[in-house]
Amino acid sequence: MNNRISHILENNSIDSKLKSIAQKVIAGERINPEEGVLLFDADLAFLGSLANYIREKKHQNFTYFNRNIHIEPTNICVFDCKFCSYSKLLKHKTEGWELSEEDILKKMEEYKDQPITEVHIVGGVHPKMGLHYFANLIKKVKEIRPDIHVKAFTAVELEYMCRKAKVSFEEGLRILKENGQDSLPGGGAEIFDEKIRAEICNDKCSSEQWLEIHETAHKLGMPSNATMLYGHIEEPKHLIDHMNRLRELQDKTQGFNTFIPLKFRNGENQMSHIPEVSVIDDLKVYAISRIFMDNFPHLKAYWPMIGRNTAQLSLSYGVNDIDGTIDDTTKIYSMAGAEEQSPSLSTQQLVELIKNVKRHPIERDTVYNTIKDYKDFIFDKQQESKSY
């Protein structure tokens with residue numbers, strides 16, 4: 001047991017309820033939602049010690065990343081989420097973009113011979129881009145790169161696709177899987193509490209539908225991720241309720257790879273009057289997530305959203321994954337005022353970012369198989385000139 005954990009157990013100034021939680025965590029016991037809410041009253045040092053203890057028990061010093069790109073077919077969307085700075089309603093479609101199939105496949109051709117392992121396909125919910133359109137698109141993507149892992153479509157996109165195609169979630173997901181889709185991202189979860197959801201994204205898929213879609217995907221052998229939007233109008237009890245619903249589903253399916261807390265950014269959206277939370281709040285959410293989400297193997301900090309410095313800090317607060325190279329292929333967070341306006345890091349930059357905080361960089365594939373261990377790797381400066 002490390003010194004920081006010993007200090008918690010021996011420190012009589014720590015609240016007895018918090019100390020009891022720490023004892024449960026160290027013993028490998030699950031904390032309940034009431035205890036999860038109490039953690040928001042703890043100081044950051046206490047939370048960081050517990051979260052880092054769990055992180056290192058699960059993953060030692062390893063920190064994961066991958067070589068990936070995003071394809072965002074459109075930002076035109078039938079839904080009107082108050083926190084979204086990215087999408088344009090159909091009536092304002094001239095202000096948005098809509099990539100053709102040719103545009104998308106041309107982008108994939110650009111990466112045909114590059115060492116990326118994943119393409120992440122998400123975007124606005126466009127009424128003309130339906131289930132069969134995307135199934136055919138994925139099939140063509142796999143013809144260009146048979147080896148690429150296709151992680152595609154939030155539950156929000158999938159609910160609309162299946163509804164428009166008049167098929168069940170299972171049938172829709174099966175069609176996509178048969179055409180080459182490998183997994184689901186975690187977007188669209190936002191906050192599961194129905195009252196909060198009604199205020200910030202009333203017209204999109206329900207919490208129940210989000211969970212049903214991911215449960216169905218898991219049953220079909222399609223793993224997924226899960227997200228949570230924090231730092232807006234929610235309270236600690238809503239965050240814990242959200243995490244608890246995910247934890248219960250994970251108990252049932254074991255289909256989630258990673259949990260990704262997403263920070264609300266207030267640039268250019270209908271909730272711009274709400275101030276953003278501090279870096280201390282960010283680190284608290286990461287730490288509490290790692291403590292509470294005991295059955296999620298990985299916790300990811302999405303570096304383009306919170307910036308490189310906070311991503312580095314998060315590695316001491318439970319986080320063991322910082323996403324990937326991205327190669328400036330996403331606009332979702334930069335349009336909302338995220339720290340990284342041109343999100344692109346080379347493999348070398350990611351490795352150095354991890355090593356600079358004394359962590360052990362591991363390149364992974366989408367489902368966390370190790371591709372390359374960079375602990376003792378020395379880069380050739382002329383070799384590593386591109387972003388992937």
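Quick note: structure is the one above.
Residues numbered from 1 in each chain as written. Predicted model: local features only at pLDDT ≥ 70, side-chain atom pairs only at ≥ 80, totals over all residues. Heavy atoms only, no water.

**Here we look at helix α8 (residues 169-178)**
Phase 1: Of all the residues in α8, the buried ones are F169, G172, L173, I175 and L176. Buried residues of α8, viewed axially, fall in a sector of 155 degrees; they line one side.
Phase 2: On its buried side, α8 packs onto α6 (131-144), α7 (155-165) and α10 (207-219). (Buried < 20%, exposed > 50% of the residue type's maximum accessible area, 1.4 Å probe, protein only. Helix = DSSP H or I, 4+ residues; strand = E, 2+ residues; numbered from the N terminus. Arc of directions from axis to C-beta. Contact = heavy atoms within 4.5 Å.)

**Details of α7**
Phase 1: With eight of 11 residues buried, α7 lies mostly within the body of the structure.
Phase 2: Buried within α7 we find A155, V156, E157, L158, E159, Y160, M161 and C162.
Phase 3: A positive backbone phi angle near 60 degrees is found at K166, which sits one or two residues after α7.

**Quick look at the pattern of salt bridges**
Phase 1: For the structure shown, the criterion picks out 20 salt bridges.
Phase 2: For E194, the salt bridge identified is with R245, shortest N-O distance 3.0 Å. Here E194 is found in helix α9 (residues 194-200), whereas its partner R245 is found in helix α11 (residues 236-253), with 51 residues between them in sequence.
Phase 3: The salt bridge involving K219 is made with E215; its shortest N-O contact spans 3.5 Å. With K219 and E215 both in helix α10, this residue pair falls four residues apart, about one helical turn.
Phase 4: Looking at K219, the relative accessible area reads 65%, which means it is exposed.
Phase 5: Judged by relative accessible area, which is 15%, E215 ranks as buried.
Phase 6: Salt bridges linked by common partners bring R30, D251 and D294 together as one network. (Salt bridge = Lys/Arg side-chain N within 4 Å of Asp/Glu carboxyl O.)

**Here's the deal with the sheet that holds strand β7 (residues 256-263)**
The strands that make up a sheet pair up through hydrogen bonds in the backbone, lying either parallel or antiparallel.
Phase 1: The strand order across the open sheet formed by three strands is β6-β7-β8, and the pairing between neighbours is parallel. This sheet does not close on itself; its edge strands, each paired only once, are β6 (224-230) and β8 (298-299).
Phase 2: When β7 meets β8, the two strands line up parallel, connected through two bridges. Bridge pairing links F259 to L299 in β8.
Phase 3: In the packing of α11 onto the sheet, the strands contacted are β6 and β7, and the crossing angle to β6 comes to about 170 degrees. (Pairing = 2+ DSSP bridges. Axes fitted to C-alpha atoms, helices over the stretch in contact; angles between N-to-C directions.)

**Quick word on the packing of α8 against α10**
Phase 1: Between α8 and α10, whose axes approach to 10 Å, the crossing angle comes to 50 degrees. In terms of their interaxial angle, α8 and α10 are classed as oblique. In this structure, the crossing between α8 and α10 has a hand that is right-handed. Residues F169, E170 and L173 of α8 lie in contact with α10, whose contacting residues are Q209, E212, I213, T216 and A217.
Phase 2: For the contact of α8 with α10, a count of residues per class yields four nonpolar, two polar and two charged. (Parallel < 35°, antiparallel > 145°, perpendicular 65-115°, else oblique. Left-handed = near helix turned anticlockwise from the far one by under 90°. Nonpolar A, V, L, I, M, F, W, Y, C, P; charged D, E, K, R; others polar.)

**Quick notes on the packing of aromatic side chains**
Phase 1: Scanning all chains against the criterion turns up 11 aromatic pairs.
Phase 2: Judged by centre distance (4.7 Å) and plane angle (55 degrees), the ring pair of F134 and F153 falls under tilted. Placement of F134 in helix α6 and of F153 in the loop between β5 (149-152) and α7 is noted, with a sequence separation of 19 residues between them. The pair F134 / F153 is uniform in exposure class, with both members buried. (Phe/Tyr/Trp six-rings, centres within 6.5 Å; stacked < 30°, edge-to-face > 60°.)

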